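# Per-entry structural report
The chain contents come next:
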Amino acid sequence: MCCSVAIIHADFFARIYTYHATLSGSPQGSILSPVLSNIYLDKLDNYVETVLLPAYNRGDRRKINPVWLRLQNQARHLRKTGQRDQAHLRRRQMQQVPSQDPCDPDYRRLRYVRYADDWLLGFSGPRHEADEIKRHIGLFLREQLKLELSETKTLITHARTQAARFLGYEIVIRHNDHKHDRHGHRSLNGKVGLNVPLDVVRDKCARYRQHDKPIHRTDLLHDTAYSIVAQYQQEYRGVVAYYQLAGNCYQFNRLKWLMERSLTQTLAHKLRLSVTQVYHRYRATLQTDRGPRVGLQVTVERGEGRTPLVATWDGVSLARHTTAILNDAPLSLSIQAPWTELEQRLLADTCELCGSREHIQVHHVRALKDLRRKGQADRPLWVKIMAARQRKTLVVCRACHYAIHAGRMVQPALLDHPTLESRVLRKA
């Protein structure tokens, strides 16, 4: 039976028989879930690395394909005898067949990767051996870890004809007989490729269009132009940065066009201008790592001797970045607080807890109701201030920000002002 490249992609039921009988498992999206997965599934990692990989990996490389080798010998003979046209025809035929034997019985490759409870196996070999690997893993999980594989999510995919989903990417095996390196050899065939799923692009575009046309966002009309541009840029940069490893990252060109049209329409509605006037007012040349680009830029001056606040749109490259590292740390001056005049508070450049002017950041809460939990005895100072001001954001210095997240007491320097103290006590 001819060998193939298979991808086994799996997930688990959250059903642990030995320790706890829970209906929902650990909270989805919490920090606890991947930590528990890494602890509990460490035995699966060891089983795959010590048992399955040695059992199914063999051979250093595939043998030469006899059909390809015969065509090569014919082309060499025809070229030596002066029949260049026939030699060129043989060379073209060589490009249509693999140079190595895809059915080599002495060659197998198995690769394994896991992230939390999501894992992937890449196997170069026949289908019946891929089924064996799946049965071995299912048996190990059932007997050793008391887990059951989800049959609807545990799939065996032929990677040359289909794509497997893993962590938001599509995993495929590339094939292109016309892509050559500098030596004239086919350089792409058999390589593992990452793609952006097209449904991800469609879902991201849906927020910025209605009836297949770009629309403005009414939820941002009460923000300043600086905040609106920064919000759009952060949303676009976050999506593109995650998919930098994809070979078809250019698919986000459609998203970029829609977001830019939505952005300019939002600014036009807010400032009562036309879209053309918005471009004339905010168009700028942005300096990027790949040269200058034309985009939009809003600058807010902060007085003499102080760096202005600058929000830009565009300047994000859609070129594939094979060594990209995902940086999921939020920006210190994140703009996600409409209706609160955040720009003016940032311009003050002052911690709203201790009065410091160094390393100013923004602390966020998901909702104001989180500040008014029942049964909470003595609420911290920062909670009282945010509740009194009816704000989901608090401009603080780095030290106070760390203290808030660590649950430590923050120095109440600003409560020395009687007006602020009375307002906090009255409304909190």
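Shown above is the structure to which this text applies.
Residues numbered from 1 in each chain as written. Predicted model: local features only at pLDDT ≥ 70, side-chain atom pairs only at ≥ 80, totals over all residues. Heavy atoms only, no water.

### A short note on the packing of aromatic side chains
Describing an aromatic ring pair means giving the distance of the ring centres and the angle of the ring planes. Applying the stated criterion across every chain yields a total of eight aromatic pairs. Here Tyr56 and Phe123 contribute two aromatic rings whose centre-to-centre distance is 6.1 Å and whose plane-to-plane angle is 90°, an arrangement assigned as edge-to-face. Of this pair, Tyr56 sits in helix 2 (residues 42-56) while Phe123 sits in strand 3 (residues 118-125), placing them 67 residues apart in sequence. Per residue, the accessibility class of Tyr56 equals that of Phe123, and both read buried. (Phe/Tyr/Trp six-rings, centres within 6.5 Å; stacked < 30°, edge-to-face > 60°. Helix = DSSP H or I, 4+ residues; strand = E, 2+ residues; numbered from the N terminus. Buried < 20%, exposed > 50% of the residue type's maximum accessible area, 1.4 Å probe, protein only.)

### Overview of the sheet that holds strand 7 (residues 192-195)
Pairing is antiparallel across the open sheet formed by three strands, whose spatial order is 5-6-7. On the outer flanks of this sheet lie strand 5 (164-166) and strand 7, each paired with one strand and no other. Adjacent strand axes in the sheet meet at a mean angle of 35° when their direction is disregarded. When strand 5 meets strand 6 (residues 169-173), the two strands line up antiparallel, connected through three bridges. Paired with Arg165 across the strands is Glu170, a residue of strand 6. (Pairing = 2+ DSSP bridges. Axes fitted to C-alpha atoms, helices over the stretch in contact; angles between N-to-C directions.)

### Quick look at the packing of helix 2 against helix 5 (residues 127-144)
Running from amino to carboxyl end, helix 2 crosses helix 5 at an angle of 150°, the nearest separation of the two axes being 11 Å. Classed by the angle they form, the pair helix 2 and helix 5 counts as roughly antiparallel. For helix 2 against helix 5, the interelement crossing comes out right-handed. Residues Lys43, Leu44, Tyr47, Leu52 and Tyr56 of helix 2 pack against Glu129, Glu132, Ile133, His136, Ile137, Phe140 and Leu141 of helix 5. (Parallel < 35°, antiparallel > 145°, perpendicular 65-115°, else oblique. Left-handed = near helix turned anticlockwise from the far one by under 90°. Contact = heavy atoms within 4.5 Å.)

### Some thoughts on the pattern of salt bridges
Per the counting criterion, the structure on display carries eleven salt bridges. The residue Lys256 makes a salt bridge to Glu260 at a minimum N-O spacing of 3.5 Å. Here the residue Lys256 and the residue Glu260 both occupy positions in helix 8 (residues 253-271), the gap between them amounting to four residues, near one helical turn. You can call Lys256 buried: its relative accessible area is 18%. (Salt bridge = Lys/Arg side-chain N within 4 Å of Asp/Glu carboxyl O.)

### So, a positive patch on the surface
A surface patch of like charges, here positive, comprises Arg76, Arg79, Lys80, Arg84 and Arg91. Secondary structure elements with two or more residues in the positive patch: helix 3 (66-80) and helix 4 (84-94). The element contributing the most residues to the positive patch is helix 3, with three residues. (Patch = residues over 30% accessible without salt bridge, like charges linked within 9 Å, V, L, I, M, F, W, Y side chains within 5 Å. Areas by Shrake-Rupley, 256 points an atom, 1.4 Å probe, with all protein chains shown as cover. Lys, Arg positive; Asp, Glu negative; His and termini not counted. Charge placed at Lys NZ, Arg CZ, Asp CG, Glu CD.)

### Things to note about the pairing of strand 11 (residues 291-300)
Pairing of strand 10 (residues 283-288) with strand 11, which is carried by six bridges, proceeds in the antiparallel orientation. Looking at the pairing, Leu286 lines up with Arg293 of strand 11. Here strand 10 folds back onto strand 11 in antiparallel fashion, the turn holding two residues. In the sheet, strand 11 pairs with strand 12 (residues 309-313) via five bridges, with the strands oriented antiparallel. Looking at strand 12, one finds that Gln297 is bridged to Thr312.

### Considering unusual backbone geometry
Look at Leu167: it is not a glycine, yet its phi comes out positive at around 55°. You can see Leu167 is positioned in the loop between strand 5 and strand 6. Given a relative accessible area of 33%, Leu167 falls into the partly exposed group. Its identity as a non-glycine residue notwithstanding, Asp212 has a phi of 65°, on the positive side.

### With respect to the nonpolar core
If you look at the biggest cluster of nonpolar residues, it comprises 41 residues, and the most contacted ones within it are Tyr232, Tyr236, Phe252, Leu255, Leu263, Leu267 and Trp313. The leading source of residues in this core is helix 7 (residues 225-242), at nine residues. Excluding anything up to four places from it in sequence, Tyr232 contacts Tyr208, Arg217, Leu220, Met259, Ser262, Leu263, Thr266 and Trp313. Residues Leu41, Tyr56, Tyr112 and Leu141 belong to the second largest nonpolar core, which totals 21 residues. (Core = buried A, V, L, I, M, F, W, Y, C linked by side-chain atoms within 4.5 Å.)

### Side note on the environment of Val200
Among the structural elements, Val200 can be located in helix 6 (residues 198-206). The class for Val200 is buried, based on a relative accessible area of 14%. Note: C-alpha distance between Val200 and Phe252 (52 residues apart in sequence) is 9.7 Å.

### Notes on the packing of helix 3 against helix 4
Where helix 3 contacts helix 4, the axes come no closer than 8 Å and their chain directions differ by 160°. Classed by the angle they form, the pair helix 3 and helix 4 counts as roughly antiparallel. The handedness of the crossing between helix 3 and helix 4 is left-handed. Contacts between helix 3 and helix 4 pair Trp68, Leu71, Gln72, Gln74, Ala75, Leu78 and Arg79 from the former with Arg84, Gln86, Ala87, Arg90, Arg91, Gln93 and Met94 from the latter. Of the residues that constitute the contact of helix 3 with helix 4, the class distribution is six nonpolar, four polar and four charged. (Nonpolar A, V, L, I, M, F, W, Y, C, P; charged D, E, K, R; others polar.)

The values reported here are purely geometric and, on their own, carry no functional implication.
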